[in-house]
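In case you want the letters, here they are:
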Amino acid sequence: MNVLDYLDSECILLDVKAKNKKAAISLIVDHLVQKKKIAKKDKPAVVRAIFRREEMGSTAIGNHIAFPHARVSSVKDIVICLAVSKEGIDFDSLDQEPVNIIALLLSNQSEAGLHLKMLAFLARMLRDKYLVQRLKTAKERPEVVALLRQQQQAIG
Amino acid sequence: MERLEEQITVNKEHGLHARPATIFVQLANKFNSSIRLDKAGEAVDGKSIIAILSLGVNKGMQVNLIVEGSDSEEAMQELKKFLEAEDD
């Protein structure tokens, strides 16, 4: 599996500033609209789907990471956006800690298998606190891409 | 300290994705016992959501649940029941 097949480097956001979960998700989805990963008209439905999932239980699962995700019909296979916040965002996390890494995942409804595989793969990469720390301090997109590529090689 | 280990088939509709992994860890954290989940030789901390997620356990896969501690029997019983149940 290669995350970089699905994560366009234009969808890496560094130094995101948002005061809470709602603002962060809205900002990320706006970015995806701007980069034409989703159509503007689909934004409300996408945001609604993400929040419906959050209401069932926060995807900020601890370790300063959140995986907001939704299965929607308006995207082709999988769209990922990786957002990094240096200060941390109040994301209603299960361990009450602020979130520094948000990996937002949108997948087409027909891609259930790929969706779960990608979630597992992202978890496999991000369970490494060293990587989280390095991502947090990354200054440019190519640095993030290089870190992710390295980590993928390390975990195989 | 009693150590228990059982092979369990995960029957959750979509495997151990984010929500069931979270519930599993919430259940696991009720117990004092240390809990590990092993899939094909890769063992992870059963009290960490990201660790459980990273195993990528799909429906029908077999895992070994390893529980060790003073309340290992109750922990094994409850966690096994959860993993074997179909609904998530």
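Before reading further, recall that the structure is shown in the block above.
Below is a short write-up of the structure. (Residues numbered from 1 in each chain as written. Chains lettered and ligands numbered in written order. Predicted model: local features only at pLDDT ≥ 70, side-chain atom pairs only at ≥ 80, totals over all residues. Heavy atoms only, no water.)

Take unusual backbone geometry next. We note that A:K36 has phi near 60°; this positive angle belongs to a residue other than glycine. Given the relative accessible area of 71%, A:K36 is considered exposed. (Buried < 20%, exposed > 50% of the residue type's maximum accessible area, 1.4 Å probe, protein only.)

Now for the packing of aromatic side chains. Residue and element names in this part refer to chain B. Taken as a whole and assessed by the stated rule, the structure comprises 1 aromatic pair over all chains. Geometrically, the ring pair formed by F24 and F82 is tilted, given 6.5 Å between the ring centres and 45° between the ring planes. With F24 in helix α1 (residues 18–28) and F82 in helix α3 (residues 72–84), this pair connects stretches of sequence that are 58 residues apart. For the residue pair F24 and F82, the accessibility class agrees, reading buried in each case. (Phe/Tyr/Trp six-rings, centres within 6.5 Å; stacked < 30°, edge-to-face > 60°. Helix = DSSP H or I, 4+ residues; strand = E, 2+ residues; numbered from the N terminus.)

Right, let's talk about the interface of chain A and chain B for a bit. Taken residue by residue, the interface counts 14 residues in chain A and 14 residues in chain B. Summed over both partners, the interface of chain A with chain B comes to about 1300 Å²; 68% of that surface belongs to carbon and sulfur atoms. Counting the surface chain A buries against chain B, the share from its top three residues, A:I61, A:L116 and A:R127, is 38%. There are 2 salt bridges connecting chain A and chain B. The closest approach of N and O atoms between A:R127 and B:E42, which form a salt bridge, is 3.0 Å. In this structure, the connection of chain A to chain B is made through 3 residue pairs in polar contact (both at pLDDT 80 or more). Tallying contributions element by element places helix α3 (residues 112–126) of chain A first for the side of chain A that touches chain B, with 5 residues. Taken together, the residues that form the side of chain A that touches chain B break down as 9 nonpolar, 2 polar and 3 charged. (Contact = heavy atoms within 4.5 Å. Buried area = accessible area lost by both parts, 1.4 Å probe. Salt bridge = Lys/Arg side-chain N within 4 Å of Asp/Glu carboxyl O. Polar contact = N/O pair within 3.5 Å; in protein donor to acceptor, adjacent residues only side chain to side chain. Nonpolar A, V, L, I, M, F, W, Y, C, P; charged D, E, K, R; others polar.)

A few words on helix α1 (residues 21–34) of chain A. All names here are of chain A. Between its first and last C-alpha, α1 extends 20 Å over 14 residues, near the 20 Å set by a 1.5 Å rise per residue. Looking only at α1, the buried set comprises K21, A24, I25, I28, V29, H31, L32 and V33. In the core, the buried residues of α1 are packed alongside β1 (12–13), α2 (43–55), β5 (78–89), β6 (99–108) and α5 (141–155). Between the side-chain oxygen at the start of α1 and the backbone nitrogen of K22 there is a gap of 3.3 Å, and the oxygen is on N20. One or two steps after α1, the chain reaches K36, where phi turns positive at roughly 60°. (Expected span 1.5 Å × (residues − 1).)

In this section: the sheet that holds strand β4 (residues 62–69) of chain B. All names here are of chain B. The antiparallel open sheet is built from 4 strands, whose spatial order is β1-β4-β2-β3. Of all strands in the sheet, those bounded by a partner on one side alone are β1 (2–9) and β3 (42–45). Neighbour-to-neighbour, the strand axes of the sheet open up by a mean angle of 20°, direction not taken into account. Where strand β2 (residues 34–39) meets β3, 4 bridges bridge the pair, whose relative direction is antiparallel. In the sheet register, L37 faces β3, and the bridge partner there is V44. Along the sheet face, α3 touches β1, β2 and β4 and points at about 10° away from the line of β1. (Pairing = 2+ DSSP bridges. Axes fitted to C-alpha atoms, helices over the stretch in contact; angles between N-to-C directions.)

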